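# Report on the structure
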Amino acid sequence: MFRKTDEVKVLRDPVHGYIHVDYEVVWQCINSAWFQRLRRIRQLGGAYMVYHTADHTRFGHSLGVYEIVRRMVSEVPDISKALNEREKVTAMLAGLMHDIGHGPYSHAFEAVSGTSHEEYTCRIIEEDPEISSILENTAKGLSKDVADVIRHKSENPLLPQLVSSQLDADRMDYLLRDAYFTGTTYGSFDIERILRVLRVSDGRIVIKESGTYAVENYIMSRYHMYWQVYYHPTARVYELMLRDLFTRLKDLEKEGRWPEGAEVLRPAVQRRSLSLDEYFALDENACGYAFACLMKAEDPVARDLAERLMNRRLFQFSENNPANNRRIRAQLKKKGYDLKYYFLKDEVDQRPYVPYSGKANGAIWVRMHTGEILELSAASNIVSSLVKGPAGSDNRVYYPEAD
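Residues numbered from 1 in each chain as written. Predicted model: local features only at pLDDT ≥ 70, side-chain atom pairs only at ≥ 80, totals over all residues. Heavy atoms only, no water.

## A closer look at the sheet that holds strand S5 (residues 316–319)
To keep things clear, this is the line we draw: Here, strands pair whenever DSSP counts at least two bridges between them. In this description a helix means any DSSP run of H or I spanning at least four residues, a strand means any run of E spanning at least two, and both kinds are numbered starting from the N terminus. Here an axis means a line fitted to C-alpha atoms, over the contact stretch when the element is a helix, while the angle between two N-to-C directions is reported on a 0 to 180 degree scale. Every residue pair with non-hydrogen atoms within 4.5 Å of one another is taken to be in contact.
Strands sit in the order S5-S9-S6 across an open sheet of three strands; the sheet is antiparallel. Since the sheet does not close on itself, it has two edges, and those belong to S5 and strand S6 (344–350), each with one partner. With strand direction ignored, the average angle separating the axes of adjacent strands in the sheet is 35°. Across four bridges, the pairing between S5 and strand S9 (residues 392–399) is antiparallel. From the neighbouring strand, Phe-317 faces S9, where its bridge partner is Tyr-398. Helix-sheet contacts for helix H13 (residues 212–230) involve S6 and S9, and the interaxial angle to S6 is about 170°.

Okay, structure coming up:
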């Protein structure tokens, strides 16, 4: 039996109305230092350079994912019946802490440090003295159970599907939350309807045939959010310039010319396995201070890139093709720019839904009125067209504006 709080704790939330907490272990994890650190990590990386209110954090998102998982395991009859109390609490904790290992600037930092946030998430859950003791004092082996959900190695394959799949609490929260904070309406979808049509069949989450339209809307919302928000060229160039600055710092470190005031960034630049204490120190407040110091650095490239990031003097963009690239590169060389840091290529592509065969959590499954279970693209003409059609792509180059 897991200990409940004296009364249900509620946290106001603009997306879900209230976040409800009634397990002591969940409340203790929310109040841990590592979880509170997520207040200092923005959810959307460089997108706040485009959408001025998109400065919401991983803290709010993580609470939102927890709330959706809590509703799944308590309000969806099939899921509630399929899980015992320990499994329900494990799923809620995995939803709550799935992003606890995120570094600053969202996924851009993973490219800089060469490590995934999932790796650090599992280390924190199992190795951090505060988090692991909260979990182990609640139930022996709970820290491994929670980490195994995030690793997709849970003994019950239903649990990872709730947190990380094609139709999961993580995606549902970030689409609604990011749409809200960017002021973009096309990220909205009918989450209430989706929760009502969730079912369990042979150990996997399925949806009723009557819920197909709601899931089609969810798929399209995801597609539009990627192109209008996540892959917006200004958001992309901010993250590319961030990586560019770290590349310059790495080169300076090799040359023995590390700039003053940026010591907190050094472990990440060295691309080695960081201790949890070193990683804890890397939040966006610390990075912002380091960038402010770099604006006074002796090195002109580091100084210029830091100033551009701090004051939003971002590179412009153009089509990536050989003739255009030759012209731009010649102009940059003439002005004395080092092309390694001042001519950036970027190509992104996105399909709104790609089923991964052979994995329960790699596809969205539909239970037809006949009882047959079909993969979503076989049950929906709209999704079938999206899967068979060409992927959307964007191919650009970024470089400083002409003086």
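## Observations regarding the nonpolar core
The condition that has to hold: What makes a nonpolar core is a set of buried Ala, Val, Leu, Ile, Met, Phe, Trp, Tyr and Cys residues whose side-chain atoms join them at distances within 4.5 Å. Exposure categories follow from relative accessible area, calculated using a 1.4 Å probe and restricted to protein chains: below 20% of the type maximum is buried, above 50% is exposed, and the middle band is partly exposed.
Core analysis: the largest hydrophobic core is formed by 137 residues, its most contacted members being Ile-79, Leu-93, Met-97, Leu-198, Tyr-218 and Leu-265. Counting residues per element, this core draws most heavily on helix H14 (residues 233–254), which supplies ten residues. Once you skip the residues sitting within four places of it in the chain, Met-97 turns out to touch Cys-29, Thr-121, Ile-125, Ile-131, Leu-135, Val-146 and Ile-150.

## Things to note about unusual backbone geometry
A positive phi is found at His-152, a non-glycine position, where the angle reads about 65°. Looking at where His-152 falls in the secondary structure, it is placed in the loop between helix H9 (142–150) and helix H10 (158–163). Classification of His-152 as partly exposed rests on a relative accessible area of 39%.

## Topic: the pairing of S9
Burial analysis of S9 places six of its eight residues in the buried class, the great majority of the element. Relative to S9, S6 runs antiparallel, the two being bridged by seven bridges. Bridge assignment links Lys-345 to a residue of S9, and that residue is Val-397.

## Focus: the layout of surface pockets
Rules: Computed over the protein atoms alone on a 1 Å grid, cavities are sets of points where a 1.4 Å probe fits but cannot get out and pockets are open sets with protein on both sides within 12 Å along at least five of seven lines; a residue lines them when it has an atom within 4 Å of a point. Grid points are joined across faces, edges and corners, and a volume is the space filled by probe spheres set on the points. By the convention adopted, Pro, Cys, Tyr, Trp, Phe, Met, Ile, Leu, Val and Ala count as nonpolar, Lys, Arg, Asp and Glu as charged, and the other residues, Gly among them, as polar.
Its volume calculated, the largest pocket comes out at about 880 Å³. Surrounding the largest pocket, 33 residues form its lining, Arg-58, His-107, His-117, Tyr-174 and Tyr-226 being those nearest its centre. At the level of secondary structure, the elements contributing two or more residues to the lining of the largest pocket comprise helix H3 (58–75), helix H6 (108–113), helix H7 (117–127), H9, helix H11 (169–182), H13 and H14. For the lining of the largest pocket, the per-class residue count stands at eleven nonpolar, ten polar and twelve charged.

## Some points on a nonpolar patch on the surface
The following threshold applies: A patch consists of residues exposed above 30% relative accessible area that lack any salt bridge, with like charges linked at up to 9 Å and nonpolar side chains (Val, Leu, Ile, Met, Phe, Trp, Tyr) linked at up to 5 Å. The method behind every accessible area is Shrake-Rupley, applied with a 1.4 Å probe, and residues are considered shielded solely by the protein chains displayed. Any carboxyl oxygen of Asp or Glu that lies within 4 Å of a side-chain nitrogen of Lys or Arg is treated as forming a salt bridge with it.
Residues Val-8, Val-10 and Tyr-18 make up a contiguous nonpolar surface patch of roughly 260 Å² in combined accessible area. Position of Val-8 relative to the elements: it lies in strand S1 (residues 4–13). The class of Val-8 is partly exposed, set by a relative accessible area of 49%.

## Description of the sheet that holds strand S7 (residues 365–367)
Strand pairing in a sheet takes place through backbone hydrogen bonds and is either antiparallel or parallel in direction. One open sheet accounts for four strands, arranged S3-S4-S7-S8; its pairing is mixed. With one partner strand each, in any of the chains shown, strand S3 (198–201) and strand S8 (373–375) form the two edges of the open sheet. When the angles between neighbouring strand axes are averaged without regard to direction, this sheet yields 45°. Relative to strand S4 (residues 204–208), S3 runs antiparallel, the two sharing four bridges. The partner of Ser-201 across the bridge, within S4, is Arg-204.

## Thoughts on helix H17 (residues 284–294)
Rules: Under this definition, polar contacts are N or O atom pairs within 3.5 Å; protein pairs additionally need one hydrogen-donor-capable and one acceptor-capable atom, and for neighbouring residues in sequence, both atoms have to be side-chain atoms.
With eight of its eleven residues buried, H17 lies for the most part within the structure. Those residues of H17 hidden inside the fold are in contact with H14 and helix H18 (300–311). The opening residue of H17 is Asp-283, an N-cap whose side-chain oxygen sits 3.0 Å from the backbone nitrogen of Asn-285.

## A word on the packing of helix H8 (residues 129–138) against H9
How we decide: Geometric relationships in this document are graded by angle, where less than 35 degrees denotes roughly parallel, more than 145 denotes roughly antiparallel, 65 to 115 denotes roughly perpendicular, and other angles denote oblique.
Two elements in contact, H8 and H9, have axes separated by 7 Å at closest approach and are oriented at 115°. With respect to H9, the element H8 is oriented roughly perpendicular. Two secondary-structure elements touch here, H8 through Leu-135, Glu-136 and Thr-138 and H9 through Leu-142, Ser-143 and Lys-144. Of the residues in the contact of H8 with H9, the class split is two nonpolar, two polar and two charged.

## What about empty space enclosed by the protein?
To locate leftover empty space, one rolls a probe as large as a water molecule over the atoms. Overall, the coordinates contain two cavities of 30 Å³ or more when judged by the stated rule. Roughly 40 Å³ of internal volume is contained in the second largest cavity. Taken together, Tyr-231, Pro-233, Arg-236, Asp-346, Val-348, Asp-394, Asn-395, Arg-396 and Tyr-398 form the lining of the second largest cavity. Of all the elements in the fold, those that place two or more residues in the lining of the second largest cavity are H14, S6 and S9. It is S9 that contributes the most residues to the lining of the second largest cavity, four residues altogether. In terms of residue class, the lining of the second largest cavity is built from four nonpolar, one polar and four charged.

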